[in-house]
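# A look at the structure
If you want the building blocks of each chain, they are given just below.
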Amino acid sequence: KQVERKESRKEADPEKKAKTESKRMDTVEAGILELELWMKDIVRQGINQLQEESYSFFKNISAKMVDAKAPALAKKIDELSAIPNSGKDWAERFLEKLSSIYLIIQGFKNIANLTELLQCDIKTQIGWNYSQEELLKSNGVIDEWVIAGQSFEEDNHLKTRKTYLLGQETGKYVLLLDYSFGPKPFDNLELITGRAFNGEIVFYPSAYPIRGLIKSKEKMKKEIIFKNAFTSIEKIYSTYSEALSFNPFTETIPILLKNIIPVYHDEKLKIIDSEDYFITTDNKYSDTWLILAITGGKKADIFGEWDGKLFYPLTVIVNNKFYSLNGGRF
């Protein structure tokens, strides 16, 4: 029946679709103007008073963003609400998060003057969704895709799986996002870290595309030798800068580091390259001792996420054997 409904579904009337989009733009604009005023009031009054505010102070504006058809902004406000009273450096982290939301607001107010792909990035940050059916009609990138790493999160019975792919020939990274509610399993359970497949990937529209969908794939392969890895920590910074230059809303990028040594120093896991440059993980990173045990102080390849400050390893590769980690986020 689902197939029959899809086949019988009529193409949306372009005129009606344009009117719906215009109406949503007006609704979002009214909502973000209220959010902007709320944010400016916080700055005028000083952020120290936030530690005394009740739960409803953030929840009310978050609910208004949902009503304004800006669900992604609502989620960012919820994340903002958890920062006060979260540690001695909470003020710095709060202002950084607040500034990123303000950048989205200013981008939306100026959206007509931006490139089409950057408009897509701003809309994504606000909560626009794209039809997977429409995306799968476009041409994708054909390559041998290695499953480099995965992470899992759960919030109120909603489970999120992030799967990263790395193209062996193109060097492109792909983020596959899957959701599951309650006991329902994820789709594509054959996507296991360390395996690969030949296939075609289509990307969501973005000025710096990473998120994608599998359009087609052949039989999974088990014997993998990674290509396109970084051997220098400096390359991480230049890659992250490049991502921000295309899409200033980039939060994390996937990175594969080759021939590096993990060490524990100053209560933090540090990743050191051959030139003695290093990056660190969060001091609450949960897989520190597991990584040290797997590598034994020797060189290894590590795949993970980089947010511009901290590295979150997801996979350790030793002698071409893949060890999946938990993702390291509490």
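Residues numbered from 1 in each chain as written. Predicted model: local features only at pLDDT ≥ 70, side-chain atom pairs only at ≥ 80, totals over all residues. Heavy atoms only, no water.

### A short note on the sheet that holds strand S6 (residues 253-265)
To be explicit about the condition: Two strands qualify as a pair provided DSSP detects at least 2 bridges between them. Each helix is a run of DSSP H or I of at least 4 residues and each strand a run of E of at least 2, with the numbering of both proceeding from the N terminus. Whenever a helix is involved, its axis is fitted only over the stretch in contact; in every case the axis is a line through C-alpha atoms, and angles between N-to-C directions fall within 0 to 180 degrees. When checking whether two residues touch, look at their non-hydrogen atoms; a contact exists if any pair is within 4.5 Å.
Strand order in this open sheet of 6 strands is S8-S7-S6-S9-S10-S11, and the pairing throughout is antiparallel. With one partner strand each, in any of the chains shown, strand S8 (278-280) and strand S11 (321-324) form the two edges of the open sheet. With strand direction ignored, the average angle separating the axes of adjacent strands in the sheet is 45°. Here strand S9 (residues 300-306) pairs with strand S10 (residues 311-318) via 6 bridges, running antiparallel. Residue pairing in the sheet places Phe 303 in a bridge with Thr 315 of S10. Set on the sheet, helix H8 (residues 233-246) makes contact with S6, strand S7 (268-272), S8 and S9; between it and S6 the angle comes to about 140°. Packed onto the sheet, helix H9 (residues 288-295) meets S6, S7, S9, S10 and S11 and runs at close to 85° relative to S6.

### Considering the pattern of salt bridges
Quick reminder of the rule: A pair is scored as a salt bridge if a Lys or Arg side-chain nitrogen falls within 4 Å of a carboxyl oxygen belonging to Asp or Glu. Three exposure classes are used, based on accessible area relative to the maximum for each residue type with a 1.4 Å probe and protein chains only: buried under 20%, partly exposed in between, and exposed over 50%.
Under the counting rule described, the total for this entry stands at 17 salt bridges. Note that Glu 36 and Lys 40 form a salt bridge whose closest N and O atoms lie 3.6 Å from each other. Placement of the pair is Glu 36 and Lys 40 together in helix H2 (residues 14-45), with a separation of 4 residues, close to one helical turn. For Glu 36, a relative accessible area of 6% corresponds to the buried category. Assessed through its relative accessible area of 36%, Lys 40 is described here as partly exposed. Between Lys 270 and Asp 266 there is a salt bridge; the shortest N-O distance is 4.0 Å. Accessibility expressed as a relative area gives 12% for Lys 270, which makes it buried. On the basis of relative accessible area, Asp 266 is assigned to the exposed category, the value being 57%. In the salt-bridge network here, residues are joined through shared partners; they are Glu 36, Lys 40 and Lys 109.

### Quick look at the packing of aromatic side chains
Definition in use: Pairing of aromatic rings covers Phe, Tyr and Trp, the last through its six-membered ring, and needs centres within 6.5 Å; plane angles under 30 degrees mean stacked, over 60 mean edge-to-face, and all others mean tilted.
Tallying each qualifying case throughout the model produces 12 aromatic pairs. Centre to centre, the rings of Phe 57 and Phe 58 are 5.2 Å apart; their planes meet at 90°, and the pair counts as edge-to-face. Residue class for Phe 57 comes out partly exposed when judged on its relative accessible area of 21%. Through a chain of ring-to-ring contacts, three or more aromatic side chains come together here, namely Trp 38, Phe 57, Phe 58, Trp 90 and Phe 94.

### A closer look at H9
We count it as follows: Directions are taken from the helix axis to each C-beta atom, and the arc is the one they span.
Within the sequence span of H9, burial applies to Thr 288, Ile 291, Leu 292, Ile 294 and Thr 295. Along the long axis of H9, the arc covered by the buried residues comes to 165°, so they all point the same way. Summarising the geometry of H9, the exposed residues directed more than 90 degrees from the buried face are Trp 289 and Ala 293. Each element contacted by the buried residues of H9 is listed here: S6, S7, S9, S10 and S11. Where H9 terminates, the next one or two residues include Gly 296, which has phi positive at roughly 60°.

### Some thoughts on the side chain of Thr 281
Along the polypeptide, Thr 281 turns up in the loop between S8 and H9. Since its relative accessible area comes to 0%, Thr 281 is described here as buried. In this view, Thr 281 contacts Lys 268, Leu 269, Leu 310, Phe 311 and Pro 313; residues no more than four positions away in its chain are not counted.

### Section: the sheet that holds strand S4 (residues 196-203)
Spatially, S3-S2-S1-S4-S5 is the arrangement adopted by the 5 strands of the open sheet, whose pairing is antiparallel. For this open sheet the edge positions go to strand S3 (173-181) and strand S5 (212-217), each flanked by a neighbour on one side alone. Taken over all neighbouring pairs, the strand axes of this sheet differ in orientation by 45° on average, direction set aside.

### A word on the pairing of S11
Sheet analysis places S10 next to S11, joined by 4 bridges and oriented antiparallel. Within S11, the position partnered with Thr 315 by the bridge is Ser 324.

### What to know about the confidence of the model for the chain
As a reminder, the rule being used: Per-residue confidence from the prediction method is given by pLDDT, with values spanning 0 to 100.
Averaged over every residue, the pLDDT of the chain is 90; residues scoring 70 or more account for 95%. Ranking the helices and strands of the chain by mean pLDDT puts helix H6 (residues 116-126) first, with 97, and helix H1 (residues 2-8) last, with 54.

### Some points on the nonpolar core
Defined as follows: The criterion is simple. A nonpolar core is a set of buried Ala, Val, Leu, Ile, Met, Phe, Trp, Tyr and Cys residues joined through side-chain atoms within 4.5 Å.
With 31 residues, the main nonpolar core has Leu 35, Trp 38, Leu 73, Leu 80, Phe 94, Phe 108 and Ile 126 as its most contacted residues. Breaking this core down by element, the ones donating at least two residues are H2, helix H3 (55-67), helix H4 (71-81), helix H5 (90-109) and H6. Beyond its immediate stretch of four places on either side in the chain, Phe 108 contacts Met 25, Val 28, Glu 29, Ile 32, Ile 122, Ile 126 and Trp 128. With 25 residues, the next largest nonpolar core counts Ile 236, Ile 253, Ile 291 and Ile 302 among its residues.

### Quick look at the environment of Pro 209
Among the structural elements, Pro 209 can be located in the loop between S4 and S5. The exposure class assigned to Pro 209 is partly exposed, which follows from its relative accessible area of 38%. Beyond its immediate sequence surroundings of up to four residues, Pro 209 is in contact with Phe 203 and Tyr 204.

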